[in-house]
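What the coordinates show
Below are the chains, spelled out letter by letter.
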Amino acid sequence: MKVLKRITFLLLVILIGIQFYRPEQNSLPGDHMADFITETNPSDEVRMILKQSCYDCHSNHTEYPWYNSIAPVSHWIADHVKDGKKHLNFSEWSTYELKKKDHKLEELIEEVEESEMPLREYTWTHKEAQLSAEQKAALMDWAKRTRALYQLNLRPE
């Protein structure tokens, strides 16, 4: 019983201690989507889908929920955001080469089609991020059209 109390006490001390170590937040000021929106010209519907389902993890600005103030959840969220930006960062779209943009849209189509994105963990607490079949279709149609234009070396109008 003494060992269990010591382990519990140690875990409590660790849990309290990590509350003072905060991961860096992904909250750069500015309009992070302007270049992407201007270049890819998504419809209003697709813009809303991207905002609700993608931007928190795939841009330089995350809108954090209240529970992000609690470790270890804050570290878990920071890791998800870092990983998401590594794969696709809409805020950095203008820095991508044309071939990379085409590839990123191809990956977006695959991930949405296979219901890999948005992450299930994200949609647990962000119900508005869950994509209906119609939203998936609109997003994939836009991405396919945009890819076709990139492959022809044209910009979406």
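See above for the structure.
Treat the numbers as computed from the prediction; the structure is a model and nothing was measured. (Residues numbered from 1 in each chain as written. Predicted model: local features only at pLDDT ≥ 70, side-chain atom pairs only at ≥ 80, totals over all residues. Heavy atoms only, no water.)

So, the overall build of the protein chain
Per the secondary structure count, the protein chain includes seven helices and zero strands. Counting helices and strands in the order they occur from the N terminus, the protein chain gives α-α-α-α-α-α-α. Here the protein chain has a C-alpha radius of gyration of 19 Å; the compact-globule value for 157 residues is 15 Å, and the former is much larger. Taking the principal axes of the C-alpha coordinates as reference, the protein chain spans close to 70 × 30 × 25 Å. Counting across all 157 residues of the protein chain, residues that qualify as buried make up 38%. Taking as baseline every contact in the protein chain between residues at least 6 positions apart, the subset at least 24 positions apart corresponds to 75%. Of the roughly 10400 Å² of accessible surface on the protein chain, a fraction of 58% belongs to carbon and sulfur atoms. (Helix = DSSP H or I, 4+ residues; strand = E, 2+ residues; numbered from the N terminus. Rg over C-alpha atoms; globule rule 2.2 N^0.38 Å. Buried < 20%, exposed > 50% of the residue type's maximum accessible area, 1.4 Å probe, protein only. Contact = heavy atoms within 4.5 Å. Areas by Shrake-Rupley, 256 points an atom, 1.4 Å probe, with all protein chains shown as cover.)

Remarks on the packing of helix α5 (residues 98-113) against helix α7 (residues 133-151)
At a minimum axis distance of 9 Å, the contact between α5 and α7 shows a crossing angle of 160°. In terms of axis orientation, α5 runs roughly antiparallel to α7. Crossing of α5 over α7 shows left-handed handedness. Contacts between α5 and α7 pair L98, K101, D102, L105, E106, L108, I109, V112 and E113 from the former with K136, L139, M140, W142, A143, K144, T146, R147, Y150 and Q151 from the latter. (Axes fitted to C-alpha atoms, helices over the stretch in contact; angles between N-to-C directions. Parallel < 35°, antiparallel > 145°, perpendicular 65-115°, else oblique. Left-handed = near helix turned anticlockwise from the far one by under 90°.)

Considering unusual backbone geometry
Residue A71 is joined to P72 through a cis peptide bond whose omega torsion reads 10°. On the secondary structure map, P72 appears in the loop between α3 (44-53) and α4 (73-87). Omega for the peptide link from M117 to P118 comes to -10°, which places this bond in the cis form. Considering the arrangement of structural elements, one finds P118 in the loop between α5 and α6 (120-125). Backbone geometry at N41 places phi at a positive 45°, although glycine is not the residue there.

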